[in-house]
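Working through the structure, step by step
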Amino acid sequence: CPVRGGETPEAYDVYGQRVDPSNMMPSTPNQLPSPGQQEPLPTEREVSSIPKAGVDEGGTWVYPSQQMFFNALKRKGKLEDGVTEGDMDVVVQIHNTMNERTWAMLMDWETRFHCDECPNPKLARFQGRPTDYSPTAYFWRFLGYEWPFDRHDWVVDRCGTHVRYVIDYYYDERTAAATTTEPTDAAPRQPIYIHLRPALDSLTSARDRAAMAASGAYAAVSGGAAVARARVEQAMQSARAVQRAPESQSPASEAEFAFLSGLTGERVREIAAEMRTKCGGAAAAAAAAAAAAAAA
């Protein structure tokens, strides 16, 4: 992921690429095949449902293409983990779905505590911090849990006030194993656990966290209860029906929302079956709706 530069009109990331100082993303996305790439990859990009701050009303963030994601993994040396061009379709699907889940959970906090002051918060910027473990991650590690495979900080524009959220992503080995070995008619549990909460940067955020814990709703926003699941399902259905973005829309880099780059090829394939099961119905419905619209 990019690193922050100085407060100057021009900034560069650790790879010498020029980045946009407003979001620390490379100004020009890399859609060219990587040296040694064996198969061509699609360069189309999906439009997310996550509203983007600082653009025209209705503008949203755009997910990286399969080619951009492959280039990012190669640059970071992640292809040595066994990820190939053939895995990119699954990788991007999982990546996009996890971001939609994250935004749905974040919106649960915002609508619960701040809907009166800002009915339409937007994502202003984000930063990947995979090696900067949060205090909560250290505490959970002390209790015997694994480290999160990634961490992100998302900064939300709450109608002029910027608020930082901390998000830890954990891979649940037990859930993944149960999903692949114990098929049931029930909705599958997610093998990736998302722990999202506002950072303790202000008294307002501290109050929100205390209120969430006191109300007994903290588990719902952390991924467990019916309200959160309903919002997740709605976000996932929206994600399956999004349009492809033109190349000129919303310049961004292959590092955009790249928290899943920490997964190995083996882990990607382990959860691929579950994601297809989880999203297959929504994808089929979206395809049917698109076909009906075209016929009309």
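Residues numbered from 1 in each chain as written. Predicted model: local features only at pLDDT ≥ 70, side-chain atom pairs only at ≥ 80, totals over all residues. Heavy atoms only, no water.

**Brief notes about the packing of helix H2 (residues 88-114) against helix H5 (residues 203-215)**
Filter applied, for reference: Between the N-to-C directions of two axes lies an angle of 0 to 180 degrees, each axis being a line fitted to C-alpha atoms and, for a helix, fitted only over the stretch in contact. Segments assigned H or I by DSSP are reported as helices when at least four residues long, segments assigned E as strands when at least two residues long, and all are numbered from the N terminus. Roughly parallel means an angle under 35 degrees; roughly antiparallel means over 145; roughly perpendicular covers 65 to 115; every other angle is labelled oblique. For this analysis, residues touch if any pair of their heavy atoms sits within 4.5 Å. All residues other than Ala, Val, Leu, Ile, Met, Phe, Trp, Tyr, Cys, Pro, Asp, Glu, Lys and Arg, Gly among them, are scored as polar; the first ten of these are nonpolar and the last four charged.
For the pair H2 and H5, the least separation of the axes is 11 Å and the interaxial angle reads 95 degrees. Regarding the angle of H2 to H5, the classification is roughly perpendicular. Two secondary-structure elements touch here, H2 through Trp109, Arg112, Phe113 and His114 and H5 through Thr204, Arg207, Asp208, Arg209, Ala211 and Met212. In terms of residue class, the contact of H2 with H5 is built from four nonpolar, two polar and four charged.

**Quick word on the packing of helix H1 (residues 66-75) against H2**
It is at 9 Å that the axes of H1 and H2 come closest, and there the two elements cross at 95 degrees. Between H1 and H2, the crossing angle belongs to the class labelled roughly perpendicular. Residues Gln66, Phe69, Phe70 and Leu73 of H1 form the contact with H2, whose participating residues are Met88, Asp89, Val91, Val92 and His95.

**Structural notes on the nonpolar core**
Put simply, the rule reads: Only buried Ala, Val, Leu, Ile, Met, Phe, Trp, Tyr and Cys residues count toward a nonpolar core, and they belong to the same one when joined by side-chain atoms within 4.5 Å. Accessible area is worked out with a 1.4 Å probe on protein chains only. A residue is then buried under 20% of its type maximum, exposed over 50%, and partly exposed in between.
Core analysis: the biggest nonpolar cluster contains 25 residues, and Trp103 and Trp154 have the highest contact counts within it. Going through the elements one at a time, H2, strand S6 (122-128), strand S7 (150-158), strand S8 (161-171) and strand S9 (192-198) are the ones with two or more residues in this core. No other element matches H2, which puts eight residues into this core. Trp103 has contacts with Ile50, Pro51, Pro121, Lys122, Leu123, Trp154 and Val156, leaving out every residue within four places of it along the chain. Core analysis: the second largest hydrophobic core is formed by eight residues, Phe69, Val83, Val91 and Val92 among them.

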